[in-house]
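Here's the letter readout for the chains.
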Amino acid sequence: MIEKQAAVAPDFAALRDEFPVTRNWTYLDLANKAPLPRCAQDAIPDFLREMNELGVREAFSKVRVEEVRASLASLLGVAPGAIAFIKNTSEGMNIAAQALDLQAGDNVIQAEMDHPNQVYAWKRLEERGVELKWVRNGEGCPPVEAFIEAMDGRTRVVAVSYVTFGTGCRVDLPALGAACRERDIILMTDAIQGVGILSASLPALGADIVVCGGHKGLLGLPGTGFLYCREDLIPGMTPPFFARASMVREVLERMEVGLAPDAHRFEIGNQNYLGLWVLGRSVEFLAGVGLAQVEERVRGLTTYLMELLERRGEKILTPRPWEERAAIVSIESPDPPRAAAQLREKRIIASARNNALRFAPHFYNTEEEIERVVGLL
Ligand SMILES: Cc1ncc(COP(=O)(O)O)c(C=O)c1O
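Residues numbered from 1 in each chain as written. Predicted model: local features only at pLDDT ≥ 70, side-chain atom pairs only at ≥ 80, totals over all residues.

## Things to note about the pairing of strand β6 (residues 186-190)
Within β6, five of the five residues are buried, which leaves the element mostly enclosed by the surrounding structure. With burial as the criterion, each face of β6 is covered, one bearing I186, M188 and D190 and the other bearing L187 and T189. Across five bridges, strand β5 (residues 155-161) lies against β6 in parallel orientation. Residue pairing for β6: V158 is matched across the bridge by L187. Note that the unit made of β5, helix α7 (residues 173-182) and β6 has a crossover that is right-handed. As defined by bridge partners, β6 adjoins strand β7 (residues 209-213) across three bridges and the pair is classed as parallel. Considered in β7, the bridge of M188 is made with I209. (Buried ≥ 20, exposed ≤ 12 C-beta atoms within 10 Å, placed from the backbone. Helix = DSSP H or I, 4+ residues; strand = E, 2+ residues; numbered from the N terminus. Pairing = 2+ DSSP bridges. Right-handed = clockwise from strand over helix to strand, strands pointing away.)

## Considerations on the environment of K123
Relative to the elements of secondary structure, K123 occurs in helix α5 (residues 116-123). For the pair formed by K123 and A97, sequence separation is 26 residues and the distance between their alpha carbons is 9.4 Å.

## A closer look at the packing of helix α4 (residues 89-99) against α5
Where α4 contacts α5, the two axes come as close as 9 Å, and the packing angle between them is 25°. The orientation of α4 relative to α5 falls into the category roughly parallel. Both α4 and α5 take part in a crossing whose hand is right-handed. Facing T89, S90, M93, N94 and A97 of α4, the residues of α5 in contact are N117, Q118, A121 and W122. Looking at the contact of α4 with α5 residue by residue, the class counts come to four nonpolar, five polar and no charged. (Axes fitted to C-alpha atoms, helices over the stretch in contact; angles between N-to-C directions. Parallel < 35°, antiparallel > 145°, perpendicular 65-115°, else oblique. Left-handed = near helix turned anticlockwise from the far one by under 90°. Contact = placed C-beta atoms within 7 Å. Nonpolar A, V, L, I, M, F, W, Y, C, P; charged D, E, K, R; others polar.)

## Regarding the site of the ligand
Around the ligand lies a shell formed by N88, T89, S90, H115, N117, S161, F165, D190, I192, Q193 and G213. Taken together, the residues of the shell around the ligand break down into two nonpolar, eight polar and one charged. (Near = placed C-beta within 6 Å.)

## Considerations on the pairing of β7
The element β7 is largely enclosed, with a buried count of five among its five residues. Both faces of β7 are covered, namely the face carrying I209, V211 and G213 and the face carrying V210 and C212. Taken together, the five bridges between β7 and strand β8 (residues 225-229) define a ladder with antiparallel strand orientation. Bridging from a neighbouring strand, V210 pairs with Y228 of β8.

Function-wise, these values are silent; they only describe arrangement.
Printed below as a string of structure tokens:
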């Protein structure tokens, strides 16, 4: 069991040194890709060494995959059997959309302006007569009432990002989850902009299904991620793909179908062993820092950034209260790609998204970096 919270406040200056990228760049783009901490980077040569010295096969260890599953589950406050490894958020959402057995006439509620990967996973179901209903949210977060208004007797699923990728607003998932439960509706969330940054355990989010790629707050590489599913839902879900890994051992010899009773049923084929080894190291690292400490630090840095931006008269698109945001702070910009390119010349990485310049600090950033960036706008 991983220790979730460090007993004393971490030494963030020392932790920053664990991120080699900080020597070269002011990296404010966690919302795009995470830099790897040194321990996770070291996993790569370790993997290769093991492969060469122990005779290849050992590096591709199913035992280690299960160890990473246990570490991740512990960090997120769920049982290992409730988690399947996936290659990215899109894959996880597609698996969930296909496995829920929606019928013609059923509907799925989504938020306008959500991430395209979220939208497309459900759009696929339109060809079977499933209706997609849209909650309008313009730039901001849709209030829970807007979702409730859209619900009707044929609503089977609400699918929404925990934290939106553009303006970074955080949906009130616990309230939305409660509204869904009252109506027997499944709540699925794409939590990639929240996991590893916010400290709430997955069950506390109130979502039935949570999907997340490993390459943002979890500090892993693209090509990894997880699909969490409330355990009592799993037996009723038929995954879109079958393989040996999805079955219980007893049926394999007879080539019969006997799906694993837990989230293994959503997995197929060889895993991304190297990616999971890296992810496992990052998860242990995050657990050592403590998610509550990470959240507190991100809250402090982003709040400071917002204060300085406000003082400069920038138009901030991200909501101000902490409960309505996470690591993203976006400002309006007349030419976001140009603004991002100009910052890059000064060795600062931020992203252009729609009409916004998006900053996404993490606990390896400093107040001095924030001051410099705002001074250069
Ligand atoms: C909200 C959200 N969902 C999904 C993704 C990425 O999807 P995938 O993991 O499938 O590449 C991103 C960003 O890359 C995102 O911001």
